[in-house]
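An overview of the molecular structure
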Amino acid sequence: MSSSRLSMEGPASPARAPGALPYYVAFSQLLGLIVVAMTGAWLGMYRGGIAWESALQFNVHPLCMIIGLVFLQGDALLVYRVFRNEAKRTTKVLHGLLHVFAFVIALVGLVAVFEHHRKKGYADLYSLHSWCGILVFALFFAQWLVGFSFFLFPGASFSLRSRYRPQHVFFGAAIFLLSVATALLGLKEALLFELGTKYSMFEPEGVLANVLGLLLATFATVILYILTRADWKRPLQAEEQALSMDFKTLTEGDSPSSQ
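Computed from a predicted model, the values in this text were never measured in an experiment. (Residues numbered from 1 in each chain as written. Predicted model: local features only at pLDDT ≥ 70, side-chain atom pairs only at ≥ 80, totals over all residues. Heavy atoms only, no water.)

**Points about the pattern of salt bridges**
- Inspection of the entire model under this criterion finds four salt bridges.
- The residue Glu205 makes a salt bridge to Arg47 at a minimum N-O spacing of 2.8 Å. Here the residue Glu205 occupies a position in helix H7 (residues 204-228), and Arg47 occupies one in the loop between helix H2 (21-46) and helix H3 (60-82), the gap between them amounting to 158 residues. Each member of the pair, Glu205 together with Arg47, is buried.
- Residue Glu53 pairs with Lys119 through a salt bridge whose shortest N-O separation is 3.7 Å. Placement of the pair is Glu53 in the loop between H2 and H3 and Lys119 in helix H4 (residues 88-120), with a sequence separation of 66 residues.
- For Lys119, a relative accessible area of 41% corresponds to the partly exposed category. (Salt bridge = Lys/Arg side-chain N within 4 Å of Asp/Glu carboxyl O. Helix = DSSP H or I, 4+ residues; strand = E, 2+ residues; numbered from the N terminus. Buried < 20%, exposed > 50% of the residue type's maximum accessible area, 1.4 Å probe, protein only.)

As structure tokens, this is what we get:
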């Protein structure tokens, strides 16, 4: 049996992180924190700050979306790269919890913008940004529900998880990129509404927001680069190797000894 063969070879030693990986992860976190700080600075310096029961309620929206659907979602995607030797269930729980925090914070941001529109009598869901935002939020929630059902809920079989995992990984990265793109659309929309023709005159607010947009794009690029490096994937633990080999034997008729 594959499990006995693994036990005869002895317990797998912890895999060392590839040399450059910690630096890229640290760089991504620095970028993410700068993006959050710059969003707060933009709202504080040029939009009057943040408050719930006032005209400043709208400002809760961009800050929550940046923290939730950009920064925390990006960190959730990195869990399997950063925690390489911890138990798989531990990393699954952390991955899921980060998505829960991201969802709750994004939900607060979504409520804030709808409440602001209701109080001001503004129309809802007419812009490309709002359409993309609702799509991203719905996809994010659906992705979390399906991921929980397949990977954390005890009822899903190993074979079902193995078949769905590539789709889960793809849609996770796609939703993250859509979130960043939607944030960039919202940033541009806010600048055009507030500055109008002054946007083309290199107003300080416009310059700061443009830099923020570039940092958002850079953060997404670094996250995507870390995720797509095949040699930076989390190595299989001993029990995962045994399950994978047994699954391959059942589905393809191979024997572990032939691998």
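**Digging into the UniProt feature "transmembrane region" (unreviewed entry) in the chain**
- What UniProt calls "transmembrane region" (unreviewed entry) maps, in this numbering, to residues 21-45, 65-83, 95-114, 134-156, 168-187 and 207-227.
- Its end C-alpha atoms 26 Å apart, residues 65-83 is made of 95% helix and 0% strand.
- Between the end C-alpha atoms of residues 168-187 there is a gap of 29 Å, over a span that is 100% helix and 0% strand. (UniProt positions renumbered as here; feature names shortened; annotations may be inferred.)

**Remarks on the nonpolar core**
- Formed by 48 residues in total, the largest nonpolar core has its most connected members in Trp42, Ile66, Val70, Phe176, Leu216, Phe219 and Ile226.
- Among all residues touching Phe176, those that are not within four sequence positions of it are Leu69, Val70, Gln73, Gly74, Leu77, Phe219, Ala220 and Ile223. (Core = buried A, V, L, I, M, F, W, Y, C linked by side-chain atoms within 4.5 Å. Contact = heavy atoms within 4.5 Å.)

**Notes on a nonpolar patch on the surface**
- Together, Trp52, Val104, Leu107, Val108 and Val111 give the surface a local cluster of nonpolar side chains, amounting to about 370 Å² of exposed area.
- Take Val108: it is sitting in helix H4.
- The class for Val108 is partly exposed, based on a relative accessible area of 35%. (Patch = residues over 30% accessible without salt bridge, like charges linked within 9 Å, V, L, I, M, F, W, Y side chains within 5 Å. Areas by Shrake-Rupley, 256 points an atom, 1.4 Å probe, with all protein chains shown as cover.)

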